[in-house]
Amino acid sequence: MGDEAPNTERGVVTRFAPSPTGFLHIGGARTALFNYLYARHHGGRFLLRIEDTDRVRSTDAAVAAILDGMRWLDLDWDGDAVMQFARSARHAEVARGLLASGGAYKCFATADELEAMRAAQRAAKQPLRYDGRWRDRDPAEGGGAPYVVRFRAPRGGHATIADKVQGNVTVADDELDDMVLLRSDGSPTYMLAVVVDDYDMGVTHVIRGDDHLNNAFRQRALIEALGWPEPVYAHIPLIHGADGAKLSKRHGALGVDAYRDELGMLPEAVENYLLKLGWGHGDDEFIRRPQAIEWFDLDGIGRGPARFDAKKLAHVNAHYLRLADDARLVDLIAPRVEAALGRALSDTDRALLQRGMGELKLRAGDLVELATSSLFYVRTRPIAVDADAQRLIDEAAARDLIATVRAALAEADWTAAAIEAAVRGVADAAGVKLGKVAQPLRAAVTGSATSPGLFEVLDLLGRDEALGRLDDVIIREPHA
Ligand code: GLU
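Just so you know, these numbers come straight off a predicted model, no measurement behind them. (Residues numbered from 1 in each chain as written. Predicted model: local features only at pLDDT ≥ 70, side-chain atom pairs only at ≥ 80, totals over all residues. Heavy atoms only, no water.)

Draft legend 1. Representation of the overall build of the chain within the structure. Secondary structure assignment for the chain yields 19 helices and 12 strands. Dimensions of the chain, computed from the C-alpha atoms along their principal axes, are close to 105 × 45 × 40 Å. Each of the 480 residues in the chain was classed as buried or not, and the buried ones make up 49%. Sequence-distant contacts in the chain: of pairs separated by 6 or more residues, those separated by 24 or more amount to 76%. For the chain, the exposed surface amounts to about 21900 Å²; the carbon and sulfur share of it is 52%. Averaging the positions of the 59 positive and the 72 negative side-chain charges in the chain gives two centres separated by 4 Å. (Helix = DSSP H or I, 4+ residues; strand = E, 2+ residues; numbered from the N terminus. Buried < 20%, exposed > 50% of the residue type's maximum accessible area, 1.4 Å probe, protein only. Contact = heavy atoms within 4.5 Å. Areas by Shrake-Rupley, 256 points an atom, 1.4 Å probe, with all protein chains shown as cover. Lys, Arg positive; Asp, Glu negative; His and termini not counted. Charge placed at Lys NZ, Arg CZ, Asp CG, Glu CD.)

Draft legend 2. Local environment of helix α8 (residues 267–276). For α8, the buried fraction is high: 9 of the 10 residues fall into the buried class. Restricting attention to buried positions, one finds in α8 the residues Pro 267, Glu 268, Ala 269, Val 270, Glu 271, Asn 272, Tyr 273, Leu 274 and Leu 275. Positive phi shows up at Gly 278, right after α8, with a value of about 100°.

Draft legend 3. Just the site of the ligand, in detail. The environment of the ligand is formed by Arg 15, Ala 17, Pro 18, Ser 19, Glu 51, Tyr 190, Arg 208 and His 212. At 2.7 Å from an oxygen atom of the ligand is found a side-chain nitrogen or oxygen belonging to Arg 15. Separating an oxygen atom of the ligand from a side-chain N or O atom of Arg 208 is a distance of 2.7 Å. Looking at the shell around the ligand residue by residue, the classes come out as 3 nonpolar, 2 polar and 3 charged. (Near = heavy atom within 4 Å. Polar contact = N/O pair within 3.5 Å; in protein donor to acceptor, adjacent residues only side chain to side chain. Nonpolar A, V, L, I, M, F, W, Y, C, P; charged D, E, K, R; others polar.)

Draft legend 4. Local environment of the pattern of salt bridges. Inspection of every chain in the model, using the stated rule, returns 38 salt bridges. Bridged by salt links that share partners, the residues Arg 15, Arg 49, Glu 51, Arg 87, Arg 90, Glu 93, Asp 197, Asp 198 and Asp 200 form one connected network. (Salt bridge = Lys/Arg side-chain N within 4 Å of Asp/Glu carboxyl O.)

Draft legend 5. Looking closely at the packing of helix α15 (residues 398–411) against helix α19 (residues 463–475). At a minimum axis separation of 10 Å, α15 and α19 run at an interaxial angle of 155°. Considering the angle they form, α15 stands roughly antiparallel to α19. Read as a crossing pair, α15 and α19 show a hand that is left-handed. Residues Arg 399, Ile 402, Ala 403, Arg 406, Leu 409 and Ala 410 of α15 form the contact with α19, whose participating residues are Arg 463, Leu 467, Leu 470, Asp 471, Val 473 and Ile 474. Each residue belonging to the contact of α15 with α19 can be placed in one class, and the counts come to 8 nonpolar, no polar and 4 charged. (Axes fitted to C-alpha atoms, helices over the stretch in contact; angles between N-to-C directions. Parallel < 35°, antiparallel > 145°, perpendicular 65-115°, else oblique. Left-handed = near helix turned anticlockwise from the far one by under 90°.)

Draft legend 6. Focus on the packing of aromatic side chains. In the structure shown here, the tally under the stated rule is 10 aromatic pairs. With 5.7 Å between their ring centres and 85° between their planes, Tyr 36 and Phe 46 make a pair best called edge-to-face. A residue pair is termed long-range when its members are at least 10 positions apart, and Tyr 36 in helix α1 (residues 26–41) and Phe 46 in strand β2 (residues 45–50) qualify at 10 residues. Exposure remark for Tyr 36: the relative accessible area of 5% places this residue in the buried category. (Phe/Tyr/Trp six-rings, centres within 6.5 Å; stacked < 30°, edge-to-face > 60°.)

Draft legend 7. Up close: the sheet that holds strand β5 (residues 148–151). One open sheet holds the 3 strands; their spatial order is β4-β5-β8, and the pairing between them is antiparallel. On the outer flanks of this sheet lie β4 (104–107) and β8 (180–182), each paired with one strand and no other. Strand-to-strand, the axes of this sheet are offset by a mean angle of 45°, without reference to chain direction. Bridge count for β4 against β5 is 4 bridges, and the pairing is antiparallel. By the bridge assignment, Tyr 105 is partnered in β5 with Arg 150. (Pairing = 2+ DSSP bridges.)

Draft legend 8. Focus on the nonpolar core. Residues Leu 370, Tyr 377 and Leu 409 are the most contacted members of the largest nonpolar core, which totals 55 residues. If you look at the next biggest cluster of nonpolar residues, it comprises 46 residues, including Ile 26, Ile 239, Leu 277 and Trp 279. (Core = buried A, V, L, I, M, F, W, Y, C linked by side-chain atoms within 4.5 Å.)

Draft legend 9. Structural view of the environment of Trp 72. For Trp 72, the location among the structural elements is in helix α2 (residues 60–72). Residue classification places Trp 72 among the buried residues on the basis of a relative accessible area of 17%. Discounting residues that sit within four places of it in the chain, Trp 72 has contacts with Val 256, Arg 260, Met 265, Leu 266, Pro 267 and Val 270.

Draft legend 10. Structural context of the pairing of strand β9 (residues 205–209). Counting buried positions along β9 gives 5 out of 5 residues, so the element sits mostly inside the fold. Handedness of the β9-helix α6 (residues 213–226)-strand β10 (residues 232–236) crossover: right-handed. (Right-handed = clockwise from strand over helix to strand, strands pointing away.)

Draft legend 11. Main features of unusual backbone geometry. Here the residue pair Arg 381 and Pro 382 is connected by a cis peptide bond, since its omega of -10° sits within 30 degrees of zero. Along the polypeptide, Pro 382 turns up in the loop between α13 (367–378) and α14 (387–394). Here Lys 125, not a glycine, exhibits a phi torsion of approximately 55°, which is positive.

Draft legend 12. A look at the pairing of strand β6 (residues 158–163). Alternating residues of β6 divide into Ala 159, Ile 161 and Asp 163, all buried, and His 158, Thr 160 and Ala 162, none buried. Where β6 lies against strand β7 (residues 167–172), 6 bridges are found, and the strand directions are antiparallel. Pairing of Thr 160 across the sheet is with Thr 170, part of β7. The turn linking β6 back onto β7 is made up of 3 residues.

Draft legend 13. Structural context of the confidence of the model for the chain. When the pLDDT values of the chain are averaged, the result is 94; 96% of them are 70 or greater. Under a pLDDT of 50 for its full length, residues 1–9 has, in the predicted model, 17 contacts with residues more than four places off or in other chains. (pLDDT = per-residue confidence, 0-100.)

Draft legend 14. Main features of the side chain of Ser 58. Here Ser 58 lies in the loop between β2 and α2. Residue classification places Ser 58 among the buried positions, given a relative accessible area of 15%. A distance of 2.8 Å separates a polar side-chain atom of Ser 58 from the backbone oxygen of Asp 54. Ignoring any residue separated from it by four or fewer positions in sequence, one finds Ser 58 in contact with Pro 20, Thr 21, Glu 51, Asp 52 and Thr 53.

Draft legend 15. Region of the structure containing the side chain of Arg 208. Relative to the elements of secondary structure, Arg 208 occurs in strand β9. Buried charged residue Arg 208 carries no salt bridge. Nearest counter-charge: Asp 198, at 5.2 Å. Looking at Arg 208, its side chain comes within polar contact range of the side chain of His 235, at 3.0 Å. In this structure, Arg 208 is in contact with Arg 15, Thr 31, Val 194, Ala 216, Gln 219, Tyr 233, Ala 234, His 235 and Ile 236, ignoring residues within four places of it in sequence.

Dropping the structure here:
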């Protein structure tokens with residue numbers, strides 16, 4: 001395989017070049033991440049180009065969603081994002097230069113003529129390719145008719161790309177026809193735009209999905225005709241679902257915004273998961289950004305399709321949730337908690353959530369669960385009690401036990417140890433196991449049958465709030 005010879009003298013420049021026709025999906029985010037890491041690893045530049053030349057399908061909302069997704073993943077690009085459509089005049093200028101030098105030619109074939117050509121090829125079971133009918137004709141024969149500008153592609157030989165992931169890939173020149181560079185209205189084609197932009201942006205390494213490998217042969221032929229340096233190519237295998245089929249929505253191929261908003265994932269978890277999806281560094285499972293920058297290389301990218309595994313992503317997310325700073329987690333769940341409460345969180349609420357966070361985050365897999373399981377701390381009395389908790393409260397003798405505990409707690413010092421001693425004392429005196437007292441107590445105080453450690457919860461809630469919640473249950477009529 002070739003080394004990085006063509007461009008090492010220029011320093012590494014990579015780019016992410018999304019087409020803004022939808023959200024930043026998980027595959028695009030991985031491509032962006034790989035380009036980012038490669039550039040940072042080499043102390044180079046990571047550029048962003050929005051390929052908005054498809055004027056019908058490109059939308060401002062999609063551009064905004066892509067930039068938002070990049071920022072959320074903290075994939076900061078160097079300089080301003082380049083908007084491809086705005087550079088049309090430059091693209092056309094390059095095509096006209098090629099026309100002048102003979103590297104391109106005018107094709108006056110009409111749409112009907114080309115359709116007849118393709119029909120004949122179909123009938124003869126030949127591949128559908130432009131047959132070069134204007135390649136060697138005198139353009140004067142076209143008169144004043146509309147024409148397209150076609151690339152005079154090399155003939156008779158073959159080209160090899162030393163792809164950093166795919167290895168050496170060879171394609172015969174004759175498999176590629178003379179592609180259109182300028183349409184009859186003078187507008188540049190996508191293939192031309194990519195080549196010109198990569199050159200003008202100084203891109204040294206093209207890292208992208210392997211669905212672009214065929215394009216690479218057309219692009220490098222054009223690059224060669226222009227006498228420009230050829231970038232290093234690395235075409236990474238697309239992501240497939242766990243069942244081996246191409247990744248679709250069914251597999252969880254959502255926009256990164258959905259991982260943030262609907263699934264409550266942390267960006268560092270999504271990043272770590274995407275990094276490991278198709279790239280490996282020994283058995284290391286959890287790799288943070290600085291290590292990723294230090295270790296990332298193109299050699300570590302596998303050739304086989306990567307399999308998307310939602311369970312694994314959830315596992316990685318739970319890991320990062322446990323590591324996350326408590327104050328940050330409070331900030332992250334605050335909007336969800338406030339929406340559920342229907343009111344803003346006070347400073348006291350936030351302080352309470354932060355003190356409870358050490359335990360809460362161990363029990364949640366994502367921010368949605370974390371917000372839900374945190375709610376009881378900040379609910380307003382009388383707190384909502386779910387069905388399981390209500391059953392515990394409604395059990396025979398449960399209310400009496402709660403009332404007895406309430407009386408014991410009213411006398412206790414308000415520390416987790418003293419609270420525990422008081423609750424145990426009630427259980428012992430009643431001759432029941434601790435759980436018989438603790439479960440209804442938990443239900444009354446948290447509104448749920450499961451929660452972080454009961455004594456810590458009582459301690460954090462404070463005497464007044466905790467006793468008030470018990471009172472609410474003691475005086476409330478049992479459910480019918
Ligand atoms: N705009 C192309 C895409 O979104 C990427 C082209 C490239 O990376 O060269 O698939």
